[in-house]
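Analysis of the macromolecular model
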Amino acid sequence: TIINDAAMKMLRNAGLEGELIGQPVDEVIPNTGLARVLKTGEAELNREQQLSGIRILTNRVPVVVDGRIRGAVATFRDKTEIGQLAEELTGVSAYVEALRSQGHDFTERLRVILEMVERGRYFQLTEYVQRILAAQESEVDMVGRHIKDPIIAGLVLSKLSHARELAVKVTIANETLLSEQFNQSLQHEMVTVIGNLLDNALEAVESTALKEVCLAINEDTEKISIRVEDSGCELSQEVIQRITEKGFLSESNDRGYSLYLASNSLKRLGGYLEFRGNERGMSLTAIIPLKQ
């Protein structure tokens, strides 16, 4: 009955020609679902569908007047554009977090440098600055050698900076190797998975005497494995069964929220989480299948 300019443009880009007003919607847009919403009166939100090769996210809602269903409206967005926007936001968030952590490090180091200058300890000052430069160059070089994807590498560097604030030692396993051949959708979900697994591990060692976390990423033709080990206490089977539930955070020191987000991303990718206890703490492995 009615179509706005933005929707018309998207339909034209999908190859739909001719006059659309007055045409049966199911014939113009296969699998539209509007007729179903008109019949049931139940809204359908964030449903993915194909529109002549274009992936869109659709919201379909009934129009109710005086308690009766008078019509139905569909709004839709190009999922590719949403993915690009999400990737930009993810990259910006990682960048801001990295700047915040690095700014904190920089302030603390300036205090140490100022103290040495005031005391005239110039030889020790030279050694201190050289150690800082060597450590930073080594860290960036290490991450760059193991993780080729720039967005994910930036995320890991930001987490390393944050871990230093918490006095947690984070290491990257020698076998870690990740390419940069991922599409934006997979890249975005991997940022969510890796970031939240690391956040969970940092929270797990917050109150332990030994504060150590290890990240390992392996990639082959069939799957990507992301393993994060921490020196926190081993979790019971009851906790493991519920820790990915939304709302479990209030019962488990905020650890459930990170794993809930990671679990949701893995479900969208057709992957899953594995939990294993070891002599030093917990080991969580995310498996992401690589489909053709």
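Structure shown above.
Just so you know, these numbers come straight off a predicted model, no measurement behind them.

Moving on, we come to unusual backbone geometry. Positive phi is not limited to glycine here, since Asn46 has a value of about 50 degrees. Along the chain, Asn46 falls in strand E1 (residues 44-51).

Next up on the list: helix H1 (residues 5-13). Restricting attention to buried positions, one finds in H1 the residues Ala7, Met10 and Leu11. The arc enclosing the buried residues of H1, seen along the axis, measures out at 100 degrees, which places them on a common side. Among the exposed residues of H1, those oriented more than 90 degrees off its buried face are Asp5, Ala6, Lys9 and Asn13. If you follow the buried residues of H1, they end up packed against E1, strand E2 (54-65) and strand E3 (68-78). Of the residues trailing H1, Gly15 is marked for its positive phi of about 95 degrees.

Turning next to a nonpolar patch on the surface. Judged by side-chain polarity, Leu45, Val61, Val63, Val65 and Val73 come together as a nonpolar surface patch covering roughly 350 Å² of accessible area. Looking at the nonpolar patch element by element, the count peaks at three residues for E2. Assignment of secondary structure puts Leu45 in strand E1.

Moving on to the nonpolar core. Membership of the largest hydrophobic core comes to 39 residues, with the highest contact counts inside it found for Leu197, Val213 and Ile226. With nine residues, the single largest contributor to this core is helix H7 (residues 184-204). Contacts of Val213, omitting those with residues within four sequence positions, involve Val168, Lys169, Val170, Thr171, Leu198, Ala201, Leu202, Val205, Val228, Glu229 and Asp230. Membership of the second largest hydrophobic core comes to 12 residues, among which are Leu11, Leu16, Val28 and Ile56.

All right, on to the sheet that holds E1 then. Ordered in space as E1-E2-E3, the three strands form an open sheet in which the pairing is antiparallel. On the outer flanks of this sheet lie E1 and E3, each paired with one strand and no other. Ignoring which end each strand starts from, the neighbouring axes of this sheet average 30 degrees apart. As paired elements, E2 and E3 share 10 bridges and run antiparallel to each other.

What counts, and at which threshold
Residues numbered from 1 in each chain as written. Predicted model: local features only at pLDDT ≥ 70, side-chain atom pairs only at ≥ 80, totals over all residues. Heavy atoms only, no water. Helix = DSSP H or I, 4+ residues; strand = E, 2+ residues; numbered from the N terminus. Buried < 20%, exposed > 50% of the residue type's maximum accessible area, 1.4 Å probe, protein only. Arc of directions from axis to C-beta. Contact = heavy atoms within 4.5 Å. Patch = residues over 30% accessible without salt bridge, like charges linked within 9 Å, V, L, I, M, F, W, Y side chains within 5 Å. Areas by Shrake-Rupley, 256 points an atom, 1.4 Å probe, with all protein chains shown as cover. Salt bridge = Lys/Arg side-chain N within 4 Å of Asp/Glu carboxyl O. Core = buried A, V, L, I, M, F, W, Y, C linked by side-chain atoms within 4.5 Å. Pairing = 2+ DSSP bridges. Axes fitted to C-alpha atoms, helices over the stretch in contact; angles between N-to-C directions.

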